[in-house]
Amino acid sequence: MHRTRTAALAAALLTLSTAALGATTARAGTGTVHYAALGDSYSAGGGSATSYLNSCNQSTNAYPYLYDRLASPATFAFRACGGATTGDVVNNQLGPLDSATTLVSITVGGNDVGLKNVLASCLLGDDATCLDAVSAAEDTARTQLPGELDAVYGAIRAHAPNAHVVVLGYPRFYDLAQPLCPGIDRVKRAALDEGADTLDAVIRTEAAEHPGFTYQEVNARFAGHQLCDSAPWLHALDWPVGQSFHPTAEGQANAYLPALLAAL
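Residues numbered from 1 in each chain as written. Predicted model: local features only at pLDDT ≥ 70, side-chain atom pairs only at ≥ 80, totals over all residues. Heavy atoms only, no water.

Participant: Got a minute to help me understand the sheet that holds strand 1 (residues 34-39) in this structure?
Facilitator: Sheet strands associate in pairs through backbone hydrogen bonding, adopting either a parallel or an antiparallel arrangement. Pairing within the open sheet is parallel, and its 5 strands lie in the order 2-1-3-4-5. Among the strands making up the open sheet, the edge pair consists of strand 2 (75-78) and strand 5 (213-216). With direction set aside, neighbouring strand axes in the sheet form an average angle of 15°. In the sheet, strand 1 pairs with strand 3 (residues 103-107) via 5 bridges, with the strands oriented parallel. (Pairing = 2+ DSSP bridges. Helix = DSSP H or I, 4+ residues; strand = E, 2+ residues; numbered from the N terminus. Axes fitted to C-alpha atoms, helices over the stretch in contact; angles between N-to-C directions.)

So this is what it looks like as structure tokens:
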């Protein structure tokens, strides 16, 4: 990581409110936080580093790892994994959860609706191909995802009956207010943002139906730092391709981490 990026991330961490940390310990009651980070690449930190801790693309720049450094919880289980679906969370990530777990964070749902394929269709296909892919993903989000989210949220609650669960959303990728934006045309950019909004709306609605779950959107925190902006906190088409449309280290530190803290 370049020295300037390291300094920027350090400054961002220093400016985070100590009041947010106080809220963390206050919610735990005893001041002892047992934290588990679940979900997909947006929680694992895909796109936030040039090298990763393991095959799940977990990064020390990911918001769960940053929270661990900042809050020093009593325990920290980092189980988020790139490519994870709701089924993967249920089958592979819930082992560390128990009645002592006080805090869980999660991003999940994007892979269930085929976000990777949607992005490929919009980057490589024409407008009609992109619009069809987004429409199909939105239909899946409205008809299938609610049941899948209900299952994973229910499983989290069953394993961690006393935990506060923070469900984080996905960002809109493009700043549509910018008239000039290299890469893909405005029709595709608008379609992708609309698809992200639909996905977030389904996740928000389902989270609200589960007591002890808090939904936190991240769009406002990415404002001014989306694709097309001068200093984006998201990757455009990038190498390796898996980093594309994922938060950078700055996006993790300045958008996702504050969103988690705001829920506590």
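Structure's up, so let's keep going.
Participant: Explain the packing of aromatic side chains here, please?
Facilitator: Each aromatic ring pair is characterised by the separation of its centres together with the angle its planes make. Scanning the model with the defined rule gives 11 aromatic pairs in all. With a centroid separation of 5.0 Å and 70° between ring planes, the pair formed by Tyr 35 and Tyr 67 is classed as edge-to-face. Here the residue Tyr 35 occupies a position in strand 1, and Tyr 67 occupies one in helix 4 (residues 63-71), the gap between them amounting to 32 residues. By the burial criterion, Tyr 35 is buried, and Tyr 67 matches it. Among the aromatic residues, ring-to-ring pairing joins Tyr 42, Tyr 63, Tyr 170, Phe 222, Trp 233 and Tyr 256 into one connected group. (Phe/Tyr/Trp six-rings, centres within 6.5 Å; stacked < 30°, edge-to-face > 60°. Buried < 20%, exposed > 50% of the residue type's maximum accessible area, 1.4 Å probe, protein only.)

Participant: Quick question: what am I supposed to make of the nonpolar core here?
Facilitator: In globular proteins that are soluble, nonpolar side chains generally tend to be buried together. In terms of nonpolar packing, the biggest core is built from 72 residues, with Leu 38, Tyr 67, Ile 156, Val 167, Phe 173, Tyr 174 and Leu 192 touching the most fellow members. The leading source of residues in this core is helix 11 (residues 249-262), at 7 residues. Residues in contact with Val 167, not counting those within four places in the same chain, are Ile 106, Tyr 153, Ile 203, Ala 207, Phe 213, Thr 214, Tyr 215 and Gln 216. (Core = buried A, V, L, I, M, F, W, Y, C linked by side-chain atoms within 4.5 Å. Contact = heavy atoms within 4.5 Å.)

Participant: Help me understand the environment of Thr 214, please; the structure alone is not making it clear to me.
Facilitator: The residue Thr 214 is located in strand 5 in this model. Contacts of Thr 214, omitting those with residues within four sequence positions, involve His 164, Val 165, Val 166, Val 167 and Ala 263.

Functional significance is not addressed by these values, which are geometric in nature.
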